[in-house]
Amino acid sequence: MLQTRNDTDTAQRDAQMQRLEDLLSAARKAGADAAEAVFAESRSLSVGVRKGEVETVERDETFDLGLRVFVGRKQAVVSVSEFSKPTLDRLVERAVIMAGLAPDDPYASLADPTLLFKGPETPLDLYDDTYLSAESLQQRALDIESGGLAAGSEALQSDAASAGYVQNMWSMLTSDGFGGGHRTSLFFQSGRFIATDPAGNMERDGEGRSVRHAADLPDVAEMGRVAAERALAALGARKLASQKTTVIFDNRISKSLVSQFLGAISGPAIARGSSFLKDKLGQQLFDSAVQIVDDPLRVRGLGSCLFDDEGVAVTRRALIENGVLTGWLLNTAAGRQLGMPSTGHASRGLASAPGVSTHNVTLGAGAQSIDSLMRDAGNGVIVTSMFGPSLNSDTGDWSAGASGFWFENGVIAYPVNEITVAGNLIDMFRRLVPASDLEIRGTVDAPSVLIEAMSVGGK
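Residues numbered from 1 in each chain as written. Predicted model: local features only at pLDDT ≥ 70, side-chain atom pairs only at ≥ 80, totals over all residues. Heavy atoms only, no water.

A.B. asks: It is not clear to me how the nonpolar core should be interpreted in this structure. Could you clarify?
C.D. replies: Counting 47 residues, the largest nonpolar core has Phe249 and Phe261 as the members making the most contacts within it. Sorting elements by how many residues they give to this core places helix H5 (residues 255–264) first, with five residues. In this structure Phe261 touches Leu277, Leu285, Phe286, Ile292, Leu319, Ile320, Leu325 and Phe429, once residues within four positions along its chain are discounted. (Core = buried A, V, L, I, M, F, W, Y, C linked by side-chain atoms within 4.5 Å. Buried < 20%, exposed > 50% of the residue type's maximum accessible area, 1.4 Å probe, protein only. Helix = DSSP H or I, 4+ residues; strand = E, 2+ residues; numbered from the N terminus. Contact = heavy atoms within 4.5 Å.)

A.B. asks: Explain the pairing of strand S6 (residues 156–174) here, please?
C.D. replies: Where a strand is regular, its side chains alternate between the two sheet faces. Here S6 lies mainly inside the structure; 15 of its 19 residues are buried. Bridging between strand S2 (residues 34–50) and S6 involves 14 bridges; their strand directions are antiparallel. Bridge pairing in S6 links Val38 to Met172. When S6 meets strand S7 (residues 179–196), the two strands line up antiparallel, connected through 17 bridges. Pairing of Leu173 across the sheet is with Gly179, part of S7. (Pairing = 2+ DSSP bridges.)

A.B. asks: Got a minute to help me understand the side chain of Ser304 in this structure?
C.D. replies: Here Ser304 is to be found in the loop between strand S10 (292–294) and strand S11 (317–321). Its relative accessible area of 6% is what places Ser304 among the buried residues. In this structure the side chain of Ser304 is engaged in a polar contact, spanning 3.5 Å, whose partner is the backbone oxygen of Pro296. Within the structure, Ser304 has its side chain in polar contact with the backbone oxygen of Arg298 (distance 2.5 Å). Ignoring anything within four residues of it in the chain, the contact list for Ser304 reads Leu124, Leu126, Arg212, Pro296, Leu297, Arg298 and Asn360. (Polar contact = N/O pair within 3.5 Å; in protein donor to acceptor, adjacent residues only side chain to side chain.)

A.B. asks: Is there a simple way to explain the sheet that holds strand S3 (residues 53–71) in this structure?
C.D. replies: For sheets, the rule is that strands pair by backbone hydrogen bonds, running either parallel or antiparallel. As summarised here, the arrangement of the six strands in space is S4-S3-S2-S6-S7-S8, forming an open sheet in which the pairing is antiparallel. The open sheet has two free edges, formed respectively by strand S4 (74–80) and strand S8 (202–211), since each of these has just one partner strand. Along the sheet, successive strands turn relative to each other by an average axial angle of 20°, direction set aside. Pairing between S3 and S4: seven bridges, direction antiparallel. Note on S4: the bridge partner recorded for Leu65 is Val80. Strands in contact with helix H2 (residues 85–101) are S3 and S4; relative to S4, the strand with the most contacts, it is inclined by about 155°. (Axes fitted to C-alpha atoms, helices over the stretch in contact; angles between N-to-C directions.)

A.B. asks: Is there a simple way to explain the packing of helix H3 (residues 134–149) against helix H4 (residues 220–233) in this structure?
C.D. replies: Packed helix pairs are characterised by how far apart their axes lie and by the angle those axes make with each other. Running from N to C, H3 and H4 cross one another at 45°; their axes reach a closest spacing of 7 Å. What the angle tells us is that H3 and H4 run oblique. For the pair H3 and H4, the sense of crossing is right-handed. Between H3 and H4, the contacting residues are Arg140, Asp143, Ile144, Gly147 and Gly148 on the first element and Val220, Ala221, Met223, Gly224, Arg225 and Ala228 on the second. (Parallel < 35°, antiparallel > 145°, perpendicular 65-115°, else oblique. Left-handed = near helix turned anticlockwise from the far one by under 90°.)

A.B. asks: Explain the pattern of salt bridges to me, please; I cannot follow it from the model alone.
C.D. replies: Side chains that carry opposite charge are capable of pairing whenever their charged atoms lie near each other. By the definition in use, this model includes 20 salt bridges. Salt-bridge contacts for Glu41 lead to Arg43; the nearest nitrogen and oxygen are separated by 2.1 Å. Residue classification places Glu41 among the buried positions, given a relative accessible area of 4%. Taking the relative accessible area as the measure of exposure, Arg43 reaches 25% and is therefore partly exposed. For Asp216, the salt bridge goes to Arg300, with nearest N and O atoms at 2.8 Å. (Salt bridge = Lys/Arg side-chain N within 4 Å of Asp/Glu carboxyl O.)

A.B. asks: It is not clear to me how the side chain of Thr245 should be interpreted in this structure. Could you clarify?
C.D. replies: As for its position among the elements, Thr245 is in strand S9 (residues 243–249). For Thr245, the contacting residues outside a window of four places in its chain are Asn379, Gly380, Val381, Trp406, Ile451, Glu452, Ala453, Met454 and Val456.

A.B. asks: I keep staring at the sheet that holds S10 and nothing clicks. Help me out?
C.D. replies: Overall, mixed pairing links the five strands, which are arranged S12-S11-S10-S15-S20 in an open sheet. The open sheet terminates on both sides in strands that have one partner only, identified here as strand S12 (324–325) and strand S20 (444–445). As defined by bridge partners, S11 adjoins S12 across two bridges and the pair is classed as antiparallel. In the strand pairing of S12, Glu321 is matched with Val324.

A.B. asks: Can you help me understand empty space enclosed by the protein in this one?
C.D. replies: Picture a little ball the size of a water molecule; that probe, rolled over the atoms, points out where space is still empty. In this structure the tally under the stated criterion is two cavities of 30 Å³ or more. Considered as a void within the structure, the second largest cavity measures approximately 40 Å³ in volume. Around the second largest cavity, the lining residues are Leu257, Val258, Phe261, Phe286, Ile292, Leu363, Phe429 and Leu432. Examining the composition of the lining of the second largest cavity, we find that three residues originate from one element, H5, more than from any other. (1 Å grid on protein atoms, 1.4 Å probe; cavity = no way out; pocket = protein on both sides within 12 Å on 5 of 7 lines; lining within 4 Å. Points joined across faces, edges and corners; volume = space filled by probe spheres on them.)

A.B. asks: Quick question: what am I supposed to make of the pairing of S8 here?
C.D. replies: Direction of pairing for S7 relative to S8: antiparallel, over a ladder of 10 bridges. By the bridge assignment for S8, Ile194 is matched with Arg204.

A.B. asks: For this particular structure, what's the right way to read the layout of surface pockets?
C.D. replies: The calculated volume of the largest pocket comes to roughly 970 Å³. Per-element accounting of the lining of the largest pocket gives the leading share, eight residues, to S8. Its residues assigned to classes, the lining of the largest pocket shows 14 nonpolar, 10 polar and 15 charged. In terms of lining residues, the second largest pocket is bounded by 26 residues, among which Glu121, Gly181, His182, Arg183 and Leu306 are the most central. Those elements that place two or more of their residues in the lining of the second largest pocket are helix H1 (10–29), S6 and S7. It is S7 that provides the largest number of residues to the lining of the second largest pocket, a total of five residues. (Nonpolar A, V, L, I, M, F, W, Y, C, P; charged D, E, K, R; others polar.)

A.B. asks: I keep staring at the environment of Leu285 and nothing clicks. Help me out?
C.D. replies: Tracing the backbone shows Leu285 in the loop between helix H6 (267–272) and S10. You can call Leu285 buried: its relative accessible area is 7%. Once the C-alpha coordinates of Leu285 and Arg212 are considered, the two residues, 73 residues apart in sequence, prove to be 34 Å apart. Leaving out residues up to four positions away in the same chain, Leu285 has contacts with Phe261, Leu277, Lys280, Ile320, Gly323, Leu325, Phe429 and Arg430.

Structural data, given as structure tokens:
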């Protein structure tokens, strides 16, 4: 049974911001020209079961503080998880000394004040204060197991099932006057099953889901059934002869191709010249029907926020518009190096300078169903899982181990495994055709995608 509690403590949040303000003041007095302080609080609980027995119960509660200081064009980042005055005094002293010894970085600075978030605070509904006890999480995991085992096959056994949640609070203050924070929650559950044929060959598959609100979690029995049916469907897998053929990447794993694209347009990679897309800005990369959008303002989105980890206001951006590459993913440092403003994609841990990441990226759905694409293609492979991907970041040559299904005459014929799919991503993007089966489930989502004439390695 779900119970609710309101654990919002305004006085505690005010105390945290005061601590950050005191830390910045101390850093300036110690010789820092500018500084940024971040406080993060996290509470989590998860339960894992296997074969009807509890296997793990993990409860975690962490409080961490990070300080980034600038001395001229030098910077240093230090973090602690204990907040006594002597510890914080040493933190400031160590950070300023480290920054003074660091090499000059001409691109290191706080964010451009004109780009900082100033409101209004659009409600994104990212926090749910629902409290789930360890007993209720255990029952959810057990129900996932029983839902899968209800398939009734003697070939099936549970590999693992789990359920849990995390609730976070994050606050940031800079010496330039920016102050802000957010509160988020994440509820998750998953199940994995093993199917074994008479010869002893085993196949694993599963299903999982993460959401901002507990009420959005899918039915546990249905999740177990889907996970079990996937494992059973993979039994009897065959090997394929090496060939050139059409490959359809199932919508569970097609997002990995989108992630390769995102890595290639990351500002730091472009600034280093280590991306196969470094000369492609403004060029046609995909078919004109293809759109890729990053929307940080999606309500209840797993990557949603009002500002990035440098305080820069975020906006919805088309990364690919009508097939054309429109820009890079930039934080302040990468933007300065490339002579461009930050795009609001800074991402950082408490013990490191900001890197780059996206928010809620979606490859838009196409017009045809996956069945229609299969019929048009005739023969080929549907890839449902991949492992060990390899990428040459300079050329875009890519390969991955894979398993899935062979289809003939537009209909699934049998499962396949121990294959390799390979191609050049620039060529793959150009031939990519999205299906209509887009589901919004994570921070990077895509429908199934078809790519013709890919190299498939087999026996």
